[in-house]
Amino acid sequence: MDIDSFLRDPLSRRRFFHMSGVSVAGGSAVFLAACGSDDPTSRVPTGPDESDQADVEILNGALDLELMAVAAYKRAAALMTGDVLEIGKTFLAQEQEHADGLSAAIKDAGGMPNRAKSSYEFPELRSQTDALKFAVDLENTAIAAYIDALPKLSQGDLRATAAAIVTNEAEHAAVLLDALGRDPLPGAFVTGSAA
Amino acid sequence: MEHVVITDGDAGTAAIAAFERDRRALLRRGFTLGGAAIAASSIPLLWSIRNAFAGAGSDDPILASAINLERVAVIAYGVVIDSGLLSPALLRLARRLRAHEQAHADALTTALTDLGGSPPQAPKGVAAVDKVVKGLGDVRSQADVVNFAIELETAAVAAYYDAHAKLVEARLLQIGASIMASEGQHLVVLRKAARKDPVPNAFETGAS
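The shown structure was predicted, so the numbers you read here are calculated from the model rather than taken from an experiment.

S.K.: Is there a simple way to think about the overall build of chain B in this case?
M.R.: Helices and strands together make up the secondary structure of chain B, namely 7 helices and 0 strands. The order of helices and strands in chain B, counted from the N terminus, is α-α-α-α-α-α-α. Within chain B, the fraction of its 208 residues that count as buried is 49%.

Okay, structure coming up:
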């Protein structure tokens, strides 16, 4: 499937992100399995172990997404040249930093970090423009997933770190949109888009 | 780091101490969210909110500070728009950024009033901007303006980053993240205008 058809087809996108360990269902909870409640403010863990375990599940959901993004940027970089290639390499390194940070946080909370899949079935990318469009979609999906997951994290420092990652992904989206000749500032509220 | 949660009954001295510690950490970094609002009156605000909205948590003063910050940004962009220093392209950009900051202020004000709080007093003039980021009165060129705007947006990102460790309401956390991400996108455009690396850090915390 080519990238434009992929981006237009919600079912393909959902299937792809689901297979990559990411599921953003209709804008609702992306890592809902970790919580058992739609209302994070009502979730009162009974003890540190329980909240740690819930955090680990949420963080592992985010880690799956980052590992997929690393693989995606590796694939996309093969189609990029010049300044765009430099952008791709920088963003690849930053997604890897997110993955490393999340893995460390998961270990701190007593959990086992998920590992990258051996392969990801990306949509067909034929050109640099295809690669940029796909990267914008990835970043928007990540933004939506993090914003959805953020209130469910029990620790303030984890929420702050998630916000710092969301902001970085939003910066990526702005640079990628600019490289596509599109408006880098699409709105005053950056919410991404659900897969 | 634990966030401060004020519930029924007496506020724990540990929670107040933690809040003070966070506040001091902010002050050490030379920036307070919304300037004097948190620095001067944080504890009395916490107490009054506990009394008025027992169990409602400590989000209201953070929101009030964020509203102040966004209004200050609106003032600052207004000053640079009227400065006559900007090229047509940067003038258009400054107008868009001001509109975004106004939209942020409006959304936060709605959130605060929904929680039963009252919006803070409106900041006025360059003096109010100085409490957040100094130097607006000294801009003499387009390059100065862009560098000032980068500092302002960086300060905003830092404030939202810190706020995320303290806010407890899910909706506020999500609004805050979508605004913080918007400020990050502003930084990309401004850094490009200043020929700086548009995305220098994998974790955009507003550390400068």
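S.K.: Can you walk me through the overall build of chain A in this structure?
M.R.: From N to C terminus, chain A includes 6 helices and 0 strands. Counting every position in chain A, which comprises 195 residues, the buried fraction comes to 50%.

S.K.: How should I be thinking about the confidence of the model for chain A in this particular structure?
M.R.: The predicted coordinates ought not to be read in detail in places where the model reports low pLDDT. Mean pLDDT over chain A works out to 85, with 84% of the residues at or above the 70 mark. In this model, residues 23–46 of chain A is a region of pLDDT below 50 whose contacts with residues beyond four sequence positions or in other chains number 46 contacts.

S.K.: Mind showing me how you'd approach the nonpolar core here?
M.R.: Looking at soluble globular proteins, one finds that nonpolar side chains tend to be buried together. The biggest cluster of nonpolar side chains holds 108 residues, and the ones touching the most others in it are I143(A), Y146(A), A163(A) and V166(A). Excluding residues within four positions of it along the chain, Y146(A) makes contact with A62(A), A162(A), I165(A) and V166(A).

S.K.: Help me understand the confidence of the model for chain B in this model?
M.R.: Per-residue confidence for chain B averages 78 on the pLDDT scale, and 72% of its residues sit at or above 70. The ipTM assigned to the predicted complex is 0.85, against a pTM of 0.80.

S.K.: Explain the interface of chain B and chain A to me, please; I cannot follow it from the model alone.
M.R.: Accessible area lost when the parts come together is the quantity often used to give the size of an interface. Each partner contributes residues to the interface: chain B has 35 residues there, and chain A has 32 residues. Mapped onto the side of chain B that touches chain A, the elements with two or more residues apiece are α4 (88–114), α6 (142–164) and α7 (170–193) of chain B. Looking at the side of chain B that touches chain A, the element that brings in the most residues is α7(B), giving 14 residues. Its residues assigned to classes, the side of chain B that touches chain A comprises 20 nonpolar, 10 polar and 5 charged.

Conventions we followed
Residues numbered from 1 in each chain as written. Chains lettered and ligands numbered in written order. Predicted model: local features only at pLDDT ≥ 70, side-chain atom pairs only at ≥ 80, totals over all residues. Helix = DSSP H or I, 4+ residues; strand = E, 2+ residues; numbered from the N terminus. Buried ≥ 20, exposed ≤ 12 C-beta atoms within 10 Å, placed from the backbone. pLDDT = per-residue confidence, 0-100. Contact = placed C-beta atoms within 7 Å. Core = buried A, V, L, I, M, F, W, Y, C linked by C-beta atoms within 7 Å. Nonpolar A, V, L, I, M, F, W, Y, C, P; charged D, E, K, R; others polar.

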